[in-house]
Amino acid sequence: MVALIDKLEHAPAHLICGRHNNRPDALLEILHETQAAEGWLSDDALRTIADVLNISRAEIHGVVSFYHDYRRAAPAKHFIKICRAEACQAVGSEALAAHAEQKWNVSTGCKSADDLIGLEAVYCLGNCALGPSAMIDGELFGRVTPERLDALVERCIEKAERG
Ligand code: FES
C-alpha cells in the first residue's frame, strides 16, 4: 500500500516541499520552484503539495488562480515572443505575427496543437532600433523577417533535438 501511495505522489513537488520543511507559509516559494522544475503546475503536483503541507486543495487552487504567473497547462516546447509595440509595429511586426500564426497554425497567446510552438505578444524587448524584434526560446533577435523567423525557429528545434 505504501508503494502505491508513493507512486501517486508527485516526487519533485514532494522533494521541494521537504526543502522548505513542509511549511505551509512557504507555499508561494514551493509553487514557484515546482513550476521552475516542471514548467507548469500539474494536478498531481498541486495535490501532493496540498497533502504534504496539510492545506486544503481549495486553498491551493485559490492561490494558484490568483497569481497569473502560475501555468496550469504544460507549456509548448518552443516559445516565440514577437514584439508588438510601436517601434516594431512600424517596421512590420504585425505581419510577422500573422505569418507565425499561419505557419505554425497557432493563435497569439496559445500553443500549437502538437505542443511544439507557443506564440506570445510582448510589448518591447528593449531592441527597438533593430525591429521587428522577436525572442525565441529566450534568445533575442532583431530585424526578423518571416523567412528569418522560420530559419531561426527551425534552428532552435534542431538544437533541442540534438540535446
Ligand atoms: S518596440 Fe519592439 S523592441 Fe522595443
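Residues numbered from 1 in each chain as written. Predicted model: local features only at pLDDT ≥ 70, side-chain atom pairs only at ≥ 80, totals over all residues. Heavy atoms only, no water.

Quick notes on the sheet that holds strand E2 (residues 117-122)
Spatially, E2-E1-E3-E4 is the arrangement adopted by the 4 strands of the open sheet, whose pairing is mixed. Pairing within the sheet leaves two strands with one partner each, and these edge strands are E2 and strand E4 (139-141). Direction aside, neighbouring strands of the sheet carry axes that sit 20° apart on average. Strand direction decides the pairing type here: strand E3 (residues 134-136) and E4, joined by 3 bridges, are antiparallel. For Met135, the partnering residue across the bridge sits in E4 and is Leu140. The strands touched by helix H7 (residues 93-103) within the sheet are strand E1 (78-83) and E2, with E1 carrying the most contacts at an inclination of about 155°. The sheet contacts of helix H8 (residues 146-162) involve E1, E2, E3 and E4, and relative to E1 the element is tilted by about 155°. (Pairing = 2+ DSSP bridges. Helix = DSSP H or I, 4+ residues; strand = E, 2+ residues; numbered from the N terminus. Axes fitted to C-alpha atoms, helices over the stretch in contact; angles between N-to-C directions. Contact = heavy atoms within 4.5 Å.)

Examining the packing of aromatic side chains
The tally for this structure, following the rule as stated, stands at 2 aromatic pairs. Between Phe66 and Tyr67, the aromatic rings sit 5.0 Å apart at their centres with planes inclined by 85°, giving edge-to-face as the arrangement. By relative accessible area, which is 59% here, Phe66 ends up exposed. A residue is classified by how much of its surface remains accessible, and Tyr67, at 35% relative accessible area, is partly exposed. With centroids separated by 6.0 Å and ring planes inclined at 85°, the aromatic side chains of Tyr67 and Tyr70 adopt a geometry described as edge-to-face. Aromatic ring contacts, followed pair by pair, group Phe66, Tyr67 and Tyr70 into a single cluster. (Phe/Tyr/Trp six-rings, centres within 6.5 Å; stacked < 30°, edge-to-face > 60°. Buried < 20%, exposed > 50% of the residue type's maximum accessible area, 1.4 Å probe, protein only.)

Structural notes on the packing of H7 against H8
With their axes 10 Å apart at the nearest point, H7 and H8 run at an angle of 50° to one another. Overall, the two elements H7 and H8 adopt an arrangement that is oblique. Of the two elements, H7 crosses H8, and the hand of that crossing is right-handed. On the side of H7, the interface is formed by Leu96, His99, Ala100 and Lys103, while H8 contributes Pro146, Leu149 and Asp150. Of the residues belonging to the contact of H7 with H8, the class tally is 4 nonpolar, 1 polar and 2 charged. (Parallel < 35°, antiparallel > 145°, perpendicular 65-115°, else oblique. Left-handed = near helix turned anticlockwise from the far one by under 90°. Nonpolar A, V, L, I, M, F, W, Y, C, P; charged D, E, K, R; others polar.)

Regarding H8
Compared with the 24 Å implied by 1.5 Å per residue over 17 residues, the 24 Å span of H8 between its first and last C-alpha is a close match. Along H8, the residues classified as buried are Leu149, Asp150, Leu152, Val153, Cys156 and Ile157. If you follow the buried residues of H8, they end up packed against E1, H7, E2, E3 and E4. (Expected span 1.5 Å × (residues − 1).)

Description of the pattern of salt bridges
Here the idea is simple: oppositely charged side chains can pair when their charged atoms come close. Applying the stated rule across the entire model yields 9 salt bridges. The closest approach of N and O atoms between Arg57 and Asp51, which form a salt bridge, is 3.3 Å. Under the relative-accessibility criterion, Arg57 is labelled partly exposed at 43%. Asp51 gets classed as partly exposed once you look at its relative accessible area, which sits at 45%. (Salt bridge = Lys/Arg side-chain N within 4 Å of Asp/Glu carboxyl O.)

Focus on unusual backbone geometry
Of note, the amide linkage connecting Gly131 to Pro132 takes the cis form, showing an omega dihedral of -5°. By the element assignment, Pro132 lies in the loop between E2 and E3. Even without glycine at this site, Asn22 takes up a positive phi of about 55°. Secondary-structure assignment places Asn22 in the loop between helix H2 (11-19) and helix H3 (27-38). With a relative accessible area of 32%, Asn22 lands in the partly exposed category.

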